[in-house]
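Examination of the molecular architecture
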Amino acid sequence: MGKTADLSEFDRGQIAMARRLGTSITETARLVGCSLSAVVSIHAKWINDCDTSSRRQCVGRPRVVREKGRRRLSRLVKQNRRQTVAQLTAQYNAGPSASVSEQTVQRTLLDVVLCSRRPTRVPLLTKRHRQLRLQWAREHQDLIMDEWKRVAWSDESRFLIHHVDGRVRVHRLSSEQLLPSCTAGHTHAGGGGIMLCGTFSWTALGPVVVVEQTMKAANYLNIIADQLHPYMAFVFPAGNGIFQQATPHVTWLGLYWRGSRSILMNST
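Everything numeric in this text was worked out from a predicted model, so none of it was measured. (Residues numbered from 1 in each chain as written. Predicted model: local features only at pLDDT ≥ 70, side-chain atom pairs only at ≥ 80, totals over all residues. Heavy atoms only, no water.)

1. Here's the deal with the pairing of strand E4 (residues 193-201)
The pairing of E4 with strand E5 (residues 205-211) spans five bridges and is antiparallel. Within E5, the position partnered with Cys 197 by the bridge is Val 209. The antiparallel hairpin formed by E4 and E5 contains three residues in its connecting segment. (Pairing = 2+ DSSP bridges. Helix = DSSP H or I, 4+ residues; strand = E, 2+ residues; numbered from the N terminus.)

Pasting the structure below:
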């Protein structure tokens, strides 16, 4: 069982990270392979000094990346959190500081708890979107199951052809997971994509339509006329269907749907 003085900087960084993520003292000690007292003392040092380094400063070689270099490395990370360790090392070595290896950069990032993690996946909603969706949910919270079965849902979405895969990671603190630069929605990917528009209801799936261009009024009304209207007539022959759509399309759809027996139920 490792003592505090015997733990490497990597182990100390692991302890600080695990405790920040809410891992218990016992589980952290088992994970790192050290004593409970070592976990307590290292975490306390991190809380008080924002540092996990050993007090035995006279032992071993002095740090290559000192406090000023650590702050500079943190700034480089925050400029582009998706950089690899190799890219960060190249940028760091391009400055006035002494040249360091990739291993040193990696250890330093762990030491300041800027760990490599997968981007957090979050819905791309603004504050107004959340308010409107909550309002819509409250307005329709009393609908019974038979009424929900009469609803047809429709929306469009763009899919990237050459998207980033699961190996993309970001360097962040555990408390920074919802920063825009640390979420999957912030990823800038190129290579083209395809937009699809689809409809579904309790009864049946509707057609999936490829939108050749940007979704504009003319494209949307063509999809309504050629695909959605026949689908609604087939699934709800009594004309009592409810078409749920996104708010930006309300004006467009109103131009076409006049005189139809179907009901429009709008949301964000």
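Picking up where we left off.
2. Details of a nonpolar patch on the surface
A cluster of nonpolar side chains, namely Ile 25, Leu 36 and Val 40, defines an oily patch on the protein surface of about 230 Å² accessible area. Within the element layout of this structure, Val 40 appears in helix H3 (residues 36-49). (Patch = residues over 30% accessible without salt bridge, like charges linked within 9 Å, V, L, I, M, F, W, Y side chains within 5 Å. Areas by Shrake-Rupley, 256 points an atom, 1.4 Å probe, with all protein chains shown as cover. Salt bridge = Lys/Arg side-chain N within 4 Å of Asp/Glu carboxyl O.)

3. With respect to helix H5 (residues 85-93)
Buried residues of H5: Val 85, Leu 88, Thr 89 and Tyr 92, and no others. Buried residues of H5, seen end-on, are gathered within an arc of 100 degrees and therefore sit on one face of the element. Tucked inside the fold, the buried residues of H5 contact helix H4 (67-79), helix H6 (102-111) and strand E3 (170-172). (Buried < 20%, exposed > 50% of the residue type's maximum accessible area, 1.4 Å probe, protein only. Arc of directions from axis to C-beta. Contact = heavy atoms within 4.5 Å.)

4. Comments concerning the environment of Trp 148
The residue Trp 148 is located in helix H8 (residues 145-148) in this model. According to the relative accessible area criterion, Trp 148 is partly exposed, its value standing at 27%. The spacing of Trp 148 and Ile 242 is 94 residues in sequence and 8.7 Å in space, taken between C-alpha atoms. Reaching out from Trp 148, the side chain makes a polar contact with the backbone oxygen of Leu 143 at a distance of 3.4 Å. (Polar contact = N/O pair within 3.5 Å; in protein donor to acceptor, adjacent residues only side chain to side chain.)

5. Comments concerning the pattern of salt bridges
The final tally for this structure, using the stated rule, is two salt bridges. In this structure, Glu 27 engages Arg 30 in a salt bridge whose closest nitrogen and oxygen atoms are separated by 2.5 Å. Of the two residues, Glu 27 and Arg 30 are both situated in helix H2 (residues 25-32); the distance of three residues between them amounts to about one turn of the helix. On the basis of relative accessible area, Arg 30 is assigned to the exposed category, the value being 56%. For the salt bridge of Arg 70 with Glu 67, the shortest nitrogen-to-oxygen distance reads 3.4 Å. Of this pair, Arg 70 and Glu 67 both sit in helix H4, three residues apart, which is roughly one turn of that helix.

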